[in-house]
Amino acid sequence: MVSKHVKVKVDELKAGSAVLKNLEISLGRILEEYWEEPVGPTPQPEMTDLREWDKKLLEKYRPLYMPFCDVCCLCTMGKCDLTKNKRGACGLDMSAQQSRIVLLACCIGAATHTAHARHLLEHLLDRYGRRHVLDVGGVNIEVEAPITRLVYGIRPRTLGDLEDVLDYVEKEITALISATHTGQEGNNMDFESKVFHAGMIDHLAMEVADIAQISAFNFPKADPEPRFAELGFGSVDASKPVILVIGHNVPPAIEITRYLKENGLEGKVELCGLCCTAHDASRHTHNAKIVGPLSWQLRFIRSGVPDVIVVDEQCIRADTLIEAGKVKTPVIATNGKNCQGLPDRTMDDPEEVARTLIEGGVGALILDPVKVGEVAVKTALGLAPRRERFKVMPDVEEVVREAKKCRQCNECMRACPNNLNIPKAMVEAAAGKLEGLAGLLDYCIGCARCDSACPERISIHTYMAKASEKALKEERFKIRVGRGAIQDVEIRNVGSPIVLGEIPGVVAFVGCSNYAEGGREVAEMAEEFAKRKYIVVASGCAAMSMAMTRDEEGKTIYERYPGDFDAGGVVNVGSCVSNAHIAGAAIKIASIFAKRKLRANYEEIADYIHNRVGAVGVAWGAMSQKAAAIASGFWRLGIPVIVGPHGFKYRRMLLGDKDLKGHWEVYDARTGKKVYAGPTPEHLFYAAESKEEVLPLIAKLCMRPNDTTKGRAIKLTHYIDLYKRTYGRIPEDIHLFVRTEADIPITMKDEIKSFLEEKGWVETEIPDPTLLPRLIRRRVE
């Protein structure tokens, strides 16, 4: 525990030879120790402290670069052409330049989560005080902050303890960004190591943010069965005044609910949200509705349903003010990172600000969340009766009339990231048939590049929404609200079957909604693995997308599967910053189940996870720099991440070569011998082209060197079954994953043995695997 800014005043102090009066002593920082575990080798690691561990991973998973651009334009000595092994004016080559860009992206992502955490923490310190006790799960959680303990090396007790953790994170981000300056780092593999460092501190910042808000706002505390929230466009009651919150930083939404409650207005005003603020608002109050993932922004704003829009930070459209202005909806910006060009009304009387907005003001910047609560509610109440005519979609006649203007130039289709056949749908719409336009909305990511590209200025996205109006109004789903951390007892229950391979894996569906084939695929993938008794975990927009598909009985995946962290469970941890609990669960398996030292012991814990915990992250709609940072935090723990088709645009993968036998040797900790363990897991970062490709890949990447024969047989059963479903044959690389005959699934024995004979397969040992020589218990000469 850390105490800061302690002052001691003494009126008079007498010593043998002197008398001191009015003595005042100020202490900047006092460390109070509550954790008996000795400090490990890497407390508060700097950029190079885990470099050797990173190298071990990067030797197995070599970066593959696919640069978008052949030139570097970051300084005035350029543009520098980096093609054909040329170097730029500063001496940098293409591989270093490409890894530098990846580092910059991850630093942006980590800085965004960190600034979010800092803003949130300062708000909570003001409201609840430094000594507010952290509580993320009561008696069910002993290890309350596994990443903080592992990386920073303290056991935080209060909100105040988290300040120093963020000080460290901010120092490291500054150092990392400085490494990208011209004339600094020049080696691509060292850039890659720094990428891992950015990811690790990103996870630390996310953990700080979520455990702080869980504790202060009384979110669900590791409850496997928290309440359900309503989700979907149709869940919002447009007959009431509607406040829409967008973003990731929830204090303004919390203050709106507080104002509603204190003034007897609960149930009289609709509070709904998009993206992660919606997740967190629903964790706070049962009255909050979730409209959908970030790709739902434009369709909901253009519907005119919100009477006032409150934006905080991250994942907010830059043209929100313009789009809101078209339907006469005022915007309240609440965060200095996203002012939207609005006048600062923070110091003004809330009554006066609301009156201005009701009378036609386009918006206001209000940096005090408490005032936001009052202004948003008063504005919605005052404005809703005046906005009735804006709460409608355009009529069908307008859609048909505008569709007739379409020149069939195909500019919209060329601009569309998903190459949707808009021109064909426009021809049909011009003939009065809107089904084609309606069908496109399921695959639309809401970017509106089609609108911008259209030379006739046809509002294509709006007309897609109009064509789908009936379906949108019926769009109502149930989602289990974010539970936060995983209980220690759950870890104890599943630690053994996960490490032995009998629970075949933990599959985490995370990230944004930049899907190539719509969000339904995420729900289908999640259900596939839940049915197979994997542990399915979700967060952010992916967690919402999973809820937006119903079965024949009208139930969502969250209504059909339990919410506990166990085989066949479907766990929604919460918003973007709640991703820290997924990494935290892997760390707790090493710490609680395997009893590995946790405190500042990063390498050993990561080594354990990489070789034993069959976990895979799937960011099917990954879009942002934050997604890149989150992924890199998992990479440093040795956990593979798969991105969807648009993930190719990150232009850099971390791929293993399964045919290089030497890359897949580990130490057997029992003897010190190097043992071939197979390509387990085969890749650390991979972009898949389709759902059909990714299903067997997920199952394959869950294999680990430590699997028992029973566990490996279970994992091979799923891998082979899913592979056969896609390709109609057993995998060509199956011989690389069978170590002994006992690994072979019984139901496939004859077929696989025949295949192994063709490949000249021989048995290999099953090691007690580690990449760290210092963990070898006994060396055999």
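Whatever comes next refers back to the structure up there.
Below or above, wherever it landed, is the structure these notes cover. Computed from a predicted model, the values in this text were never measured in an experiment. (Residues numbered from 1 in each chain as written. Predicted model: local features only at pLDDT ≥ 70, side-chain atom pairs only at ≥ 80, totals over all residues. Heavy atoms only, no water.)

Side note on the pattern of salt bridges
And then number 1: Summed over all chains, the structure comprises 64 salt bridges.
And then number 2: Of the charged contacts in the structure, one is a salt bridge between E469 and K473, with a shortest N-O distance of 3.3 Å. In this pair, E469 and K473 are both assigned in helix α18 (residues 469-473), four residues apart and thus about one turn of the helix distant.
And then number 3: Judged by relative accessible area, which is 55%, K473 ranks as exposed.
And then number 4: Put simply, K715 and D707 hold a salt bridge, and the shortest N to O gap is 2.9 Å. The same class applies to K715 as to D707, namely buried.
And then number 5: Among the ionic contacts, a cluster of salt bridges with common partners joins E142, E144, R149 and R155. (Salt bridge = Lys/Arg side-chain N within 4 Å of Asp/Glu carboxyl O. Helix = DSSP H or I, 4+ residues; strand = E, 2+ residues; numbered from the N terminus. Buried < 20%, exposed > 50% of the residue type's maximum accessible area, 1.4 Å probe, protein only.)

Describing the side chain of T114
And then number 1: Within the secondary structure, T114 is located in helix α2 (residues 94-128).
And then number 2: Among residues more than four places away in sequence, those in contact with T114 are L166, V169, E170, I173 and A205. (Contact = heavy atoms within 4.5 Å.)

Here we look at helix α25 (residues 625-636)
And then number 1: With 12 residues, α25 should reach 16 Å at 1.5 Å per residue; the first-to-last C-alpha distance of 17 Å fits that figure.
And then number 2: α25 sits mainly inside the fold: 11 of its 12 residues count as buried.
And then number 3: Within the span of α25, buried status applies to K626, A627, A628, A629, I630, A631, S632, G633, F634, W635 and R636.
And then number 4: Capping the start of α25 is the job of one residue whose side-chain oxygen sits 3.2 Å from the backbone nitrogen of K626: S624. (Expected span 1.5 Å × (residues − 1). Polar contact = N/O pair within 3.5 Å; in protein donor to acceptor, adjacent residues only side chain to side chain.)

Structural notes on helix α1 (residues 51-60)
And then number 1: Within the span of α1, buried status applies to W53, D54, L57, L58 and K60. Along the axis of α1, the buried positions cluster into a sector of 155°, meaning they face one direction only.
And then number 2: Each element contacted by the buried residues of α1 is listed here: β3 (62-65), α5 (188-217), α24 (602-612), α25 and β19 (652-655). (Arc of directions from axis to C-beta.)

Focus on the environment of I147
And then number 1: Within the secondary structure layout, I147 lies in helix α3 (residues 146-152).
And then number 2: The class of I147 is buried, set by a relative accessible area of 3%.
And then number 3: With 103 residues separating them in the primary sequence, I147 and Q44 have C-alpha atoms 11 Å apart.

Section: the pairing of strand β14 (residues 506-509)
And then number 1: Neither face of β14 is open: one carries V506 and A508, the other V507 and F509, and all of them are buried.
And then number 2: Taken together, the four bridges between β14 and strand β15 (residues 535-539) define a ladder with parallel strand orientation. Across the sheet, V507 pairs through a bridge with V536, a residue of β15.
And then number 3: For the handedness criterion, the β-α-β arrangement of β14, helix α20 (residues 520-531) and β15 is classed as right-handed.
And then number 4: Note that β14 and strand β17 (residues 615-619) share four bridges and pair parallel. (Pairing = 2+ DSSP bridges. Right-handed = clockwise from strand over helix to strand, strands pointing away.)

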